[in-house]
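In case you want the letters, here they are:
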Amino acid sequence: MQIGQIQDEAKFLKQFTERKLFIEKAISEQDKMTVAVQAKIDSATTMAELEDIYLPFKPKRKTRGQTARKMARTACKPLTGTAGNGPYF
């Protein structure tokens, strides 16, 4: 019974450490790491606490509609300001 408990604890610590390092790296790559955020990460003791800290920095998922609107905006940019100025109008 104790061996299983120790194995579970070791597994949790490994996963927790890996997630903590990932979150630190992700926030640092966004240039948003501050002393306060690092202190919160260091003081976290559960996965839920880590995820709560990471939530504001987590990249938002884009829907297909958002992607389509962005593509439509960028595709039409070269045409803006040219209406009526070219030889075809």
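Draft legend 1. Expanded view of helix α1 (residues 2-29). The terminal C-alpha atoms of α1 lie 40 Å apart, and with 28 residues this matches the ideal 40 Å at 1.5 Å per residue to within 8%. Turning to α1, its buried residues number three or more, namely Phe16, Lys20, Ile23, Glu24, Ala26 and Ile27. Buried residues along α1 sit in contact with α2 (35-43) and α3 (47-54).

Draft legend 2. Representation of the pattern of salt bridges in the model. According to the stated counting rule, one finds 4 salt bridges in the structure shown. Between Lys14 and Glu18 there is a salt bridge whose closest N-O contact spans 3.9 Å. Here Lys14 and its partner Glu18 are both found in helix α1, 4 residues apart, which amounts to about one turn of the helix. Given a relative accessible area of 45%, Glu18 falls into the partly exposed group. The salt bridge involving Glu51 is made with Arg19; its shortest N-O contact spans 2.6 Å. Taken together, the residues Glu51 in helix α3 and Arg19 in helix α1 connect sequence positions 32 residues apart. Take Arg19: its relative accessible area is 22%, and that puts it in the partly exposed class.

Draft legend 3. Looking closely at unusual backbone geometry. Phi angles above zero are rare outside glycine, and Asp31 is one such case at about 55 degrees. Assignment of secondary structure puts Asp31 in the loop between α1 and α2.

Draft legend 4. The arrangement of the side chain of Glu24 in detail. Assignment of secondary structure puts Glu24 in helix α1. Lys20 is the oppositely charged side chain nearest to the buried, salt-bridge-free Glu24, at an N-O distance of 4.9 Å. In contact with Glu24, not counting residues within four places along its chain, are Met33, Gln38, Ile41 and Asp42.

Procedures and definitions
- Residues numbered from 1 in each chain as written.
- Predicted model: local features only at pLDDT ≥ 70, side-chain atom pairs only at ≥ 80, totals over all residues.
- Heavy atoms only, no water.
- Helix = DSSP H or I, 4+ residues; strand = E, 2+ residues; numbered from the N terminus.
- Expected span 1.5 Å × (residues − 1).
- Buried < 20%, exposed > 50% of the residue type's maximum accessible area, 1.4 Å probe, protein only.
- Contact = heavy atoms within 4.5 Å.
- Salt bridge = Lys/Arg side-chain N within 4 Å of Asp/Glu carboxyl O.
- Lys, Arg positive; Asp, Glu negative; His and termini not counted.

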